[in-house]
Amino acid sequence: MTNKPLLASLAIRSRLITLVLLLIASSWLNANPLLPGGETTAASLKGKHAFSQPAANMSLEERMNFNLGEAIFGKLWVSSPSSTTASDGLGPLYNARSCLRCHVNNGRGKPPEPDLAQANARSLFLRLSIPPQNSEDQKALASGKLAAIPEPVYGAQLQDQSIQGLAAEGRVRLTYTYSTLTLAGGEEVELRQPHYFIDQLAYGDLHPQLRTSARVTPPMLGLGLLEAIPESELEKNVATQQKHPEISGKLNKVWDHQLQKTVVVRFGWKAIQPNLKQQNAAAFIEDIGISTTIFPQGYGGCTSAQTDCRLLPDGNSEHLGGVEASPIMTQVLEFYTQTLAVPPRRNAQDAQVLAGEKIFKQLDCAACHRPNYTTAKNALPLLKNQSIWPYTDLLLHDMGAALADNHSEFLASGNQWRTPPLWGVGLTQLISGHSQLLHDGRARSIQEAILWHGGEAEASKQQFIALPKSQRQQLIHFVESL
């Protein structure tokens with residue numbers, strides 16, 4: 001006879017064992033540094049499209065929204081008036097016609113070729129500002145609502161393209177001066193210092209106290225996971241570094257246009273945007289000249305001094321919510337930018353990589369490039385409770401005079417830059433077709449990027465210089481594997 005109670009008991013035990021194994025497997029996946037995005041990590045590299053994959057734990061319904069957001073990211077905008085009212089409103093002054101034109105393959109931008117006044121700089125932007133000129137400027141900065149005082153005629157960013165019949169603001173020209181640094185063992189490394197000029201000015205002279213800051217477009221991977229890091233963890237980074245003899249990062253605080261208050265931020269080379277929704281809206285208005293409900297002005301980046309520009313028709317449409325990029329468009333775009341997956345680690349168990357990881361810690365690189373976080377419990381469902389490995393503290397640091405741009409934004413001084421995440425940096429050549437790093441692309445390799453570190457990172461840089469060449473290569477192999 002069949003022992004039914006025994007079979008039932010065995011079935012229950014089997015289900016419990018299966019459940020435990022599934023929980024263990026899930027926990028391992030989520031805490032595995034070989035999967036830097038936790039359960040969201042892309043299943044494979046996909047070649048040059050490695051930064052364009054959706055989060056691996058995305059549902060079919062979410063994949064539809066991802067695809068819609070991807071379409072908005074690649075949409076080519078046209079000038080107004082146009083028969084395609086869902087795509088008009090470009091400019092009138094702008095830097096690119098789509099997000100994808102700057103973030104090619106969702107990768108890292110690069111500076112233009114030196115000594116050429118390019119038609120456009122494509123994936124490099126020139127931020128503009130001047131020192132406060134009077135008490136009103138001082139009050140505007142003190143209010144926390146304004147990042148910097150824009151150039152009176154050309155605004156906060158140079159737009160090097162324009163719609164037909166209107167002159168672009170100018171063209172960016174770049175030159176370099178070169179120097180040589182000798183490392184331990186006699187290896188010589190050439191470094192290049194960029195110098196930026198604006199040619200073909202169309203709207204008059206620039207302010208005599210103009211300050212400029214060049215920024216290449218950053219890679220798009222893992223942004224939603226960075227957004228999901230609890231603010232308490234960033235504050236913990238600050239508290240931990242206050243005990244460090246040389247490193248002392250700080251949080252930038254900026255104006256949130258939706259909440260109408262000053263908040264802690266984490267996006268941008270100087271950490272000037274609080275979340276991806278506002279980051280996307282700022283890129284729409286500044287880079288493409290497209291209005292959203294956050295920045296609804298139909299004339300894009302045209303300043304009050306550019307009167308002809310402001311008189312041109314815009315694409316603000318009632319059926320789109322009174323703007324050019326409707327709330328639905330910005331919503332799916334936000335989801336797309338939140339859920340772009342991080343690719344898996346490469347060669348993580350290689351002996352040279354493992355040796356480089358030890359050197360990374362010995363040189364105190366992890367003090368700023370913090371390896372690991374767990375995302376918040378109240379984050380987007382597919383992003384919550386993920387163990388992630390971005391290698392950043394998301395704080396501002398004084399990186400020394402050599403990297404300074406003298407362009408302050410909110411609480412970020414001219415010497416300060418936000419620690420960029422290191423995940424995916426080893427795929428730059430594959431994704432973007434170049435190996436140019438740092439905020440302005442001056443470094444042509446990981447080694448050059450390290451050698452530009454100064455200020456709070458000076459001690460770590462000097463230790464790197466003093467290493468034998470074999471150990472310097474091991475450290476580079478480790479960073480390339482992330």
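Above this text sits the structure in question.
Residues numbered from 1 in each chain as written. Predicted model: local features only at pLDDT ≥ 70, side-chain atom pairs only at ≥ 80, totals over all residues. Heavy atoms only, no water.

Sorry, what's going on with the overall build of the protein chain here?
A tally of helices and strands in the protein chain yields 14 helices and 12 strands. Relative to a compact globule of 482 residues, whose C-alpha radius of gyration would be 23 Å, the protein chain shows 24 Å and is just as compact. A principal-axis box enclosing the C-alpha atoms of the protein chain has dimensions of 95 × 65 × 40 Å. Per-residue burial over the protein chain gives 53% buried out of 482 residues. Summarising the internal contacts of the protein chain: among those between residues at least 6 apart in sequence, 69% fall at separations of at least 24. Of the roughly 21,400 Å² of accessible surface on the protein chain, 55% is carried by carbon and sulfur atoms. (Helix = DSSP H or I, 4+ residues; strand = E, 2+ residues; numbered from the N terminus. Rg over C-alpha atoms; globule rule 2.2 N^0.38 Å. Buried < 20%, exposed > 50% of the residue type's maximum accessible area, 1.4 Å probe, protein only. Contact = heavy atoms within 4.5 Å. Areas by Shrake-Rupley, 256 points an atom, 1.4 Å probe, with all protein chains shown as cover.)

I'm lost on unusual backbone geometry in this one. Help?
Glycine aside, residues mostly have negative phi angles, and peptide bonds mostly take the trans form. With an omega of -5°, the peptide bond between Ser80 and Pro81 qualifies as cis. Tracing the chain through its elements places Pro81 in the loop between helix H2 (60–74) and strand S1 (93–94). Cis peptide bonds are those with omega within 30 degrees of zero, and the linkage from Gly91 to Pro92 qualifies with 10°. Tracing the sequence through the fold places Pro92 in the loop between H2 and S1.

Looking at this structure, how should I read helix H6 (residues 231–241)?
In an α-helix, one full turn covers 3.6 residues, which means residues spaced three or four apart are oriented alike. Taken as a whole, H6 has its buried residues at Glu233, Leu234, Asn237, Val238 and Gln241. Taken around the axis of H6, the buried residues stretch over an arc of 150°, which confines them to a single face. Taken together, the buried residues of H6 touch strand S8 (261–264), strand S9 (373–374) and strand S11 (396–398). (Arc of directions from axis to C-beta.)

How should I be thinking about the pattern of salt bridges in this particular structure?
Side-chain pairs of opposite charge can arise where the charged atoms are in close proximity. For the structure shown, the criterion picks out 13 salt bridges. With its nearest N and O atoms 3.2 Å apart, the salt bridge here joins Glu286 to Arg127. You can see Glu286 sitting in helix H7 (residues 276–288) and its partner Arg127 sitting in strand S2 (residues 124–129), a full 159 residues away along the chain. Accessibility expressed as a relative area gives 10% for Arg127, which makes it buried. Where Glu233 meets Arg370, a salt bridge forms, and the shortest distance between an N and an O atom there is 2.7 Å. Taken together, the positions of Glu233 in helix H6 and Arg370 in the loop between helix H10 (351–362) and S9 put the pair 137 residues apart, joining distant regions of the chain. The class for Glu233 is buried, based on a relative accessible area of 15%. Salt bridges here are not isolated pairs; linked through shared partners, they connect Arg127, Arg215, Lys270, Glu286, Asp405 and Glu409. (Salt bridge = Lys/Arg side-chain N within 4 Å of Asp/Glu carboxyl O.)

Looking at this structure, I do not really get empty space enclosed by the protein. What am I missing?
One simple way to see leftover space: roll a probe sized like a water molecule over the atoms. Across all of its chains, the model carries 4 cavities of 30 Å³ or more by this definition. The computed volume of the second largest cavity comes to approximately 60 Å³. Lining the second largest cavity are Leu276, Lys277, Asn280, Ala281, Phe284, Thr292, Thr293, Ile294, Thr330 and Glu334. Those elements that provide at least two residues to the lining of the second largest cavity are H7 and helix H9 (327–338). (1 Å grid on protein atoms, 1.4 Å probe; cavity = no way out; pocket = protein on both sides within 12 Å on 5 of 7 lines; lining within 4 Å. Points joined across faces, edges and corners; volume = space filled by probe spheres on them.)

Could you clarify how one ought to interpret the state of the cysteines in this entry?
Each disulfide consists of one covalent bond between the sulfur atoms belonging to two cysteines. A complete count under the given rule lists 1 disulfide for this structure. Shown here is the disulfide that connects Cys302 with Cys309, its sulfur atoms set 1.7 Å apart. The pair Cys302 / Cys309 is uniform in exposure class, with both members buried. (Disulfide = S-S within 2.5 Å.)

Please explain the pairing of S8 as it appears in this structure.
Note on strand geometry: in a regular strand, side chains alternate between the two faces of the sheet. Across 4 bridges, the pairing between strand S7 (residues 253–256) and S8 is antiparallel. Following the sheet pairing, Val254 is matched in S8 by Val263. In this structure, the hairpin formed by S7 and S8 is closed by a connection of 4 residues, where Gln260 is found at a positive phi of approximately 55°. (Pairing = 2+ DSSP bridges.)

Help me out: how do you make sense of the packing of aromatic side chains in this one?
The geometry of an aromatic ring pair comes down to the distance between the two centres and the angle between the two planes. A complete count under the given rule lists 8 aromatic pairs for this structure. With a centroid separation of 5.3 Å and an interplanar angle of 50°, the aromatic rings of Phe73 and Tyr336 are classed as tilted. One end of the pair, Phe73, is in helix H2; the other, Tyr336, is in helix H9, with 263 residues separating them in the sequence. Linked through ring pairs, Phe66, Phe73 and Tyr336 together constitute an aromatic cluster. Over the aromatic face of Tyr299 sits the side chain of Arg310, whose NZ or CZ is 4.0 Å from the ring centroid. One Lys or Arg, Arg442, reaches over the ring of Trp452 and ends 4.5 Å from the middle of that ring. (Phe/Tyr/Trp six-rings, centres within 6.5 Å; stacked < 30°, edge-to-face > 60°. Lys NZ or Arg CZ within 6 Å of the ring centre and 35° of its normal.)

Got a minute to help me understand the packing of H2 against H9 in this structure?
Think of two packed helices as two axes; the pair is described by the angle between the axes and how far apart they sit. Between H2 and H9, whose axes approach to 7 Å, the crossing angle comes to 105°. It follows that H2 is roughly perpendicular to H9 by the angle criterion. Here H2 contributes Glu62, Asn65, Phe66, Leu68, Gly69, Glu70, Ile72 and Phe73 to the contact with H9, which in turn contributes Met329, Val332, Leu333, Phe335 and Tyr336. (Axes fitted to C-alpha atoms, helices over the stretch in contact; angles between N-to-C directions. Parallel < 35°, antiparallel > 145°, perpendicular 65-115°, else oblique.)

What am I meant to see in the layout of surface pockets here?
The space that makes up the largest pocket amounts to roughly 770 Å³. Of all the elements in the fold, those that place two or more residues in the lining of the largest pocket are S2, S7 and H7. Here the element with the most residues in the lining of the largest pocket is H7; it accounts for 4 residues. A class-by-class count of the residues in the lining of the largest pocket yields 20 nonpolar, 13 polar and 6 charged. (Nonpolar A, V, L, I, M, F, W, Y, C, P; charged D, E, K, R; others polar.)

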